[in-house]
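# Structural characterization, general
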Amino acid sequence: EAEVAQSPRYKITEKSQAVAFWCDPISGHATLYWYRQILGQGPELLVQFQDESVVDDSQLPKDRFSAERLKGVDSTLKIQPAELGDSAMYLCASSLGQGSLASGTGEQFFGPGTRLTVL
Amino acid sequence: AQSVTQPDIHITVSEGASLELRCNYSYGATPYLFWYVQSPGQGLQLLLKYFSGDTLVQGIKGFEAEFKRSQSSFNLRKPSVHWSDAAEYFCAVAGSGNTGKLIFGQGTTLQVKP
């Protein structure tokens with residue numbers, strides 16, 4: 001069964017350091033999402049890609065966060081510099097296409113996440 | 001703006017007992033609603049979804065949910081809980097604009113007593 005892959009699964013870093021997370025969506029999925037889940041809260045969308053283009057990054061703290069999906073396949077989310085408040089689970093999800101939730105093509109499949117701890 | 005509220009942060013039920021997890025949403029039009037489950041250290045798995053039609057929807061693992069427009073609710077139910085159901089449960093609504101963006105509630109942690 002196809003799955004969304006993420007690495008690393010766990011990352012511990014010190015504040016002011018740079019950190020990067022990688023996501024490989026299900027093959028053929030054009031839409032990719034990065035969510036941040038703070039402990040005790042639900043996931044919150046950081047950035048959404050349609051192929052290699054950003055569709056929504058309104059909640060991405062652009063002073064320190066960046067995301068790319070250069071070839072429209074896998075994606076990298078970077079934080080530089082990391083702050084204590086960035087400690088969270090970072091989830092990647094993919095779907096066949098954006099929208100069309102009723103037809104199923106918009107259904108999102110989630111990866112296992114990367115647990116980030118900033119000391 | 002759309003929002004989702006899960007009033008119960010933590011629920012404990014005995015194995016074999018029935019379960020109901022509450023979800024209230026705020027959305028101007030007909031919402032697309034979802035329930036996800038997250039086991040410790042894992043990603044989210046879709047349990048069920050509602051788009052239109054029959055207001056009682058069946059999902060995986062024996063779960064069902066009922067959409068009640070008059071109450072702006074989409075409560076999740078299971079007639080008999082198993083120990084393996086212990087996890088965190090999230091209700092979500094699709095954002096406007098049909099971009100696929102999901103807006104999640106804060107989650108309900110389910111503990112199952114033997």
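I will try to describe carefully the structure that is included in this document. (Residues numbered from 1 in each chain as written. Chains lettered and ligands numbered in written order. Predicted model: local features only at pLDDT ≥ 70, side-chain atom pairs only at ≥ 80, totals over all residues. Heavy atoms only, no water.)

### Concerning the nonpolar core
Cut-off, in case you're wondering: Put simply, buried Ala, Val, Leu, Ile, Met, Phe, Trp, Tyr and Cys residues joined by side-chain atoms within 4.5 Å make one nonpolar core. Under the scheme applied here, a residue whose accessible area is under 20% of the maximum for its type counts as buried, over 50% as exposed, and between as partly exposed, the area being computed with a 1.4 Å probe on protein chains only. Helix and strand definitions follow DSSP, with helices as H or I runs of at least four residues and strands as E runs of at least two, each counted in order from the N terminus.
Formed by 27 residues in total, the largest nonpolar core has its most connected members in Trp35, Leu48, Phe74, Leu76 and Tyr89 of chain B. Counting residues per element, this core draws most heavily on strand S10 (residues 87-94) of chain B, which supplies 4 residues.

### Structural notes on the interface of chain A and chain B
What counts is decided by this rule: Every residue pair with non-hydrogen atoms within 4.5 Å of one another is taken to be in contact. What counts as buried area is the accessible surface, traced by a 1.4 Å probe, that two parts surrender upon association, with contributions from both included. Salt bridge, as used here, is a side-chain nitrogen of Lys or Arg placed within 4 Å of a carboxyl oxygen of Asp or Glu. Counting of polar contacts relies on pairs of N or O atoms within 3.5 Å, with two restrictions inside protein: one atom must be capable of donating a hydrogen and the other of accepting it, and residues adjacent in sequence are counted only when both atoms are side-chain atoms. For this classification, the nonpolar set comprises Ala, Val, Leu, Ile, Met, Phe, Trp, Tyr, Cys and Pro, the charged set comprises Asp, Glu, Lys and Arg, and every other residue, Gly included, is treated as polar.
With 23 residues of chain A in contact, the opposing surface of chain B contributes 21 residues. Roughly 1,800 Å² is buried in total at the junction of chain A and chain B, and carbon and sulfur atoms are behind 55% of that figure. One can count 1 salt bridge joining chain A with chain B. Close ionic contact of Glu107 of chain A with Lys49 of chain B constitutes a salt bridge, the shortest N to O distance being 2.8 Å. For the pair chain A and chain B, the number of links is 3 residue pairs in polar contact (both at pLDDT 80 or more). The set of elements that each furnish at least two residues to the side of chain A that touches chain B consists of strand S4 (31-37), strand S5 (44-50) and strand S9 (88-95) of chain A. Per-element accounting of the side of chain A that touches chain B gives the leading share, 3 residues, to S4 of chain A. Of the residues contributing to the side of chain A that touches chain B, the split by class is 10 nonpolar, 10 polar and 3 charged.

### Focus on the layout of surface pockets
Condition: The method works on a 1 Å grid over the protein atoms by themselves. A cavity is a set of points holding a 1.4 Å probe that cannot get out, a pocket is an open set with protein on both sides within 12 Å along at least five of seven lines, and residues with an atom within 4 Å of a point line them. Grid points are joined across faces, edges and corners, and a volume is the space filled by probe spheres set on the points.
Within this model, the largest pocket holds a volume of roughly 500 Å³. If you trace the largest pocket, you find 21 residues lining it, with Glu1, Glu3 and Phe110 of chain A together with Leu44 and Gln45 of chain B closest to the centre. Among the elements of the structure, strand S10 (109-110) of chain A together with strand S5 (33-38) and strand S6 (44-50) of chain B are those that each provide at least two residues to the lining of the largest pocket. For the second largest pocket, the calculated volume is near 270 Å³. Those elements that provide at least two residues to the lining of the second largest pocket are S10 and strand S12 (108-113) of chain B. In the lining of the second largest pocket, the residues fall into 7 nonpolar, 8 polar and 2 charged.

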